[in-house]
Structures are given as C-alpha cells and as structure tokens.
Amino acid sequence: TSSTSSTYADTSLSASITPSSTSNKVLITLSHFVHCADANNYCGIKLLRGSTELAYIQDLVGYTGNTERDTVGITSTYLDTPSSTSALTYKTQFANITASGTVTIQADEGSGVERGRGSIVLMEIAGWL
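Quick summary incoming for the structure in this document. Keep in mind that what you see is a predicted model, and the values were worked out from it rather than measured.

### A short note on the overall build of the protein chain
Moving on, step 1. Helix and strand counts for the protein chain stand at zero helices and nine strands.
Moving on, step 2. Across the protein chain, helices and strands are ordered from the amino to the carboxyl terminus as β-β-β-β-β-β-β-β-β.
Moving on, step 3. When burial is assessed residue by residue, the protein chain has 41% of its 129 residues classed as buried.
Moving on, step 4. Once local pairs closer than 6 in sequence are excluded, the contacts in the protein chain between residues at least 24 apart make up 78%.
Moving on, step 5. Carbon together with sulfur atoms contributes 47% to the accessible area of the protein chain, which is approximately 6,700 Å² in total.

### Details of the nonpolar core
Moving on, step 1. Residues I28, V34, C43, I45, Y90, I120 and L122 are the most contacted members of the largest nonpolar core, which totals 22 residues.
Moving on, step 2. Contributions of two or more residues to this core are made by β2 (9-17), β3 (25-36), β4 (41-49), β5 (52-63), β6 (71-80), β7 (88-96), β8 (103-105) and β9 (119-125).
Moving on, step 3. At five residues, β3 tops the list of elements feeding residues into this core.

### Observations concerning the pattern of salt bridges
Moving on, step 1. For the structure shown, the criterion picks out three salt bridges.
Moving on, step 2. Residue K91 pairs with D10 through a salt bridge whose shortest N-O separation is 3.1 Å. Within this pair, whereas K91 is found in strand β7, its partner D10 is found in strand β2, the two being separated by 81 residues in sequence.
Moving on, step 3. Looking at D10, the relative accessible area reads 39%, which means it is partly exposed.

### What about unusual backbone geometry?
Moving on, step 1. In this structure, S83 is a non-glycine residue whose phi angle is positive, near 50°.
Moving on, step 2. With respect to the element layout, S83 can be found in the loop between β6 and β7.

### Here's the deal with the environment of I97
Moving on, step 1. Along the chain, the position of I97 falls in the loop between β7 and β8.
Moving on, step 2. Note on I97: relative accessible area 36%, which makes it partly exposed.
Moving on, step 3. Sequence-wise, I97 and C43 are 54 residues apart; in three dimensions their C-alpha atoms are separated by 5.4 Å.

### Considering the side chain of D80
Moving on, step 1. Mapping D80 onto the fold places it in strand β6.
Moving on, step 2. Among the polar contacts made by the side chain of D80, one reaches the side chain of R49 at a distance of 2.7 Å.
Moving on, step 3. Within the local environment of D80, its side chain forms a polar contact with the side chain of Y90, the two groups lying 2.6 Å apart.
Moving on, step 4. Residues in contact with D80, not counting those within four places in the same chain, are K25, V26, I28, R49, L54 and Y90.

Reading the values: the criteria
- Residues numbered from 1 in each chain as written.
- Predicted model: local features only at pLDDT ≥ 70, side-chain atom pairs only at ≥ 80, totals over all residues.
- Heavy atoms only, no water.
- Helix = DSSP H or I, 4+ residues; strand = E, 2+ residues; numbered from the N terminus.
- Buried < 20%, exposed > 50% of the residue type's maximum accessible area, 1.4 Å probe, protein only.
- Contact = heavy atoms within 4.5 Å.
- Areas by Shrake-Rupley, 256 points an atom, 1.4 Å probe, with all protein chains shown as cover.
- Core = buried A, V, L, I, M, F, W, Y, C linked by side-chain atoms within 4.5 Å.
- Salt bridge = Lys/Arg side-chain N within 4 Å of Asp/Glu carboxyl O.
- Polar contact = N/O pair within 3.5 Å; in protein donor to acceptor, adjacent residues only side chain to side chain.

Rendered as structure tokens:
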C-alpha cells in the first residue's frame, strides 16, 4: 500500500480475537516495514480496535535524504483491556505525515522497493490480577 496523503488509511494488517472473559487482556504484537523514498518524507502508524484508536506506533519514521536507509522495520507491543467477550478486530493505519513524495508500507513482491512483510499477533492474557 502506498500513499502521498496525510490522511490515515488502512494497511493490510488486521486480525480478530474473541476473549473468553471480560477480565482478560489482549496482547498485540506488530511489525511493519515502511519505505520512504523521498527526502524529508515521514510515515505515521496507528493501532485501532475497530474504529477506536489505541496508540500511535510510530509518528516519525522517514528518509531525510542524508542517509541510505529508507526502509525501516518497526515493531511494537500493546496491552489492551477491552472488557469484552465479543469478537474484536485489531488493525493498523498509516499516513504520509508530510504529504510529500510516496510512503509504502507492507511492500509486496515486484513493488520495486526493498520488501518486508509485516505481522500482527493477538494473544489473550487470562487470569489477570
């Protein structure tokens, strides 16, 4: 997925889980690969449960034009307290903060940029005290 917009849009990462108790927590582990090919180009990433924003994963990952690293791997963990036994969907969104050039996230084969597939892992934590 690529963007030249500062408006947040869904990435290709999402996963669902149904907690067995309202007292249980959900541990979310994420990894993303972000490619910024233009100078002073930055990407923002958000974690959401449904439409509820939970966290900013990274708000300034970018290529300054002074380095050779323009693809960055980002990992993050978040402990959620959903207080629910309904099915919950977690997803990430991204935006091109500077709205200049192009930011690519979850680059696929043949995209012409350094590639990296991300992941989202959900783990229910039971018996929380």
